[in-house]
Structure formats: structure tokens, C-alpha cells
Amino acid sequence: MKGSDNDEVISQVAVNFHEIFPIRKTPRELESFVRDVIASVGGSSTSSISNKQEAIHLGMKYLDDNNDGFIQRKEVGKHYNSAGKKFMDVSKTVKQMGPMLAMFGGMDNMNDFMGG
């Protein structure tokens with residue numbers, strides 16, 4: 001959290017994180033992603049949180065499960081796995097609903113069939 005506004009810290013965290021979780025092709029791409037996430041967590045000028053730094057800290061606290069002010073590998077891994085499981089659940093639901101959605105989508109042509 002303390003390094004969220006420090007370019008060198010963000011770069012180094014991206015390199016270290018990429019070694020553990022290569023979710024982007026290069027550390028540079030991951031760094032760009034991290035910067036975008038930090039910016040998005042900061043909110044906009046219409047945000048209810050007026051202090052952007054406070055918004056960043058609140059967003060980063062989400063990952064800091066033990067509230068020690070640091071985000072450890074174990075914490076990141078837990079959230080990474082949780083997000084992966086949620087993604088798989090959503091994918092499974094979409095796959096199961098696919099035929100039903102296709103059927104409803106085909107109902108647009110029912111008006112023609114029913115003379116409507």
C-alpha cells in the first residue's frame with residue numbers, strides 16, 4: 001500500500017509478481033496492468049472518496065487479509081484462486097444456460113410464425 005504511488009516500487013512489484021503469477025506475457029505488460037488497476041481503484045472526481053490516495057489504500061486493503069499493511073504471496077494466491085473459481089463457475093453457468101438462451105433468442109422469429 002505504501003508503494004502504490006512510487007514508480008520504482010510498482011515496477012519491482014510487477015517483476016516479482018510476474019515471476020510468481022505470469023498472468024501477462026512480460027513483467028512490463030503486468031506493470032502496465034497494475035498501474036491501470038491502481039488508477040481504477042483510485043476512482044474518479046465524482047467518487048464519494050475525495051482523497052485518491054485513501055481510495056487506493058481502501059482498494060489494496062481488500063487483498064491484505066491479515067491487516068498488517070503488506071500483501072503477501074499467500075494472500076494474493078488466495079484471491080487469485082478465488083477469482084479463478086468464480087470465473088469457472090460463471091463459465092459453467094453460461095455453458096448450461098446457452099441452449100435456453102439460444103431458444104429464447106430464436107423466439108424473435110415466432111412473431112412471423114404467429115402472424116404478428
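Residues numbered from 1 in each chain as written. Predicted model: local features only at pLDDT ≥ 70, side-chain atom pairs only at ≥ 80, totals over all residues. Heavy atoms only, no water.

**Q** Any details on the environment of F33? Residues and values, ideally.
**A** Looking at the element boundaries, F33 is found in helix α2 (residues 27-41). For F33, a relative accessible area of 32% translates into the label partly exposed. Along the chain, F33 and A14 lie 19 residues apart, while their C-alpha atoms are 9.0 Å from each other. Setting aside residues up to four positions removed in sequence, F33 forms contacts with I23 and R24. (Helix = DSSP H or I, 4+ residues; strand = E, 2+ residues; numbered from the N terminus. Buried < 20%, exposed > 50% of the residue type's maximum accessible area, 1.4 Å probe, protein only. Contact = heavy atoms within 4.5 Å.)

**Q** Help me get a handle on the pattern of salt bridges, residues and values and all.
**A** Taken as a whole and judged by the stated rule, the model has 2 salt bridges. For R28, the salt bridge is made with E31, and the minimal N-O distance between the two is 3.4 Å. You can see R28 and its partner E31 sitting in helix α2, 3 residues apart, about one turn around the helix. The exposure class assigned to R28 is exposed, which follows from its relative accessible area of 62%. (Salt bridge = Lys/Arg side-chain N within 4 Å of Asp/Glu carboxyl O.)

**Q** With reference to specific residues and values, describe the environment of Y62.
**A** Mapping Y62 onto the fold places it in the loop between α3 (52-61) and α4 (73-106). Once the C-alpha coordinates of Y62 and E75 are considered, the two residues, 13 residues apart in sequence, prove to be 9.9 Å apart.

**Q** Tell me about the packing of aromatic side chains, and name the residues and values.
**A** A complete count under the given rule lists 2 aromatic pairs for this structure. Look at F17 and F21: their rings are 5.2 Å apart centre to centre, the planes differ by 45 degrees, and that puts the pair in the tilted class. Residue F17 is classed as partly exposed on the basis of its relative accessible area, which comes to 21%. Look at F21 and Y80: their rings are 4.8 Å apart centre to centre, the planes differ by 35 degrees, and that puts the pair in the tilted class. Here F21 is found in the loop between α1 (7-20) and α2, whereas its partner Y80 is found in helix α4, with 59 residues between them in sequence. Here Y80 falls in the partly exposed class, since its relative accessible area comes to 39%. Every member of this aromatic cluster is reached through a ring pair, and the members are F17, F21 and Y80. (Phe/Tyr/Trp six-rings, centres within 6.5 Å; stacked < 30°, edge-to-face > 60°.)

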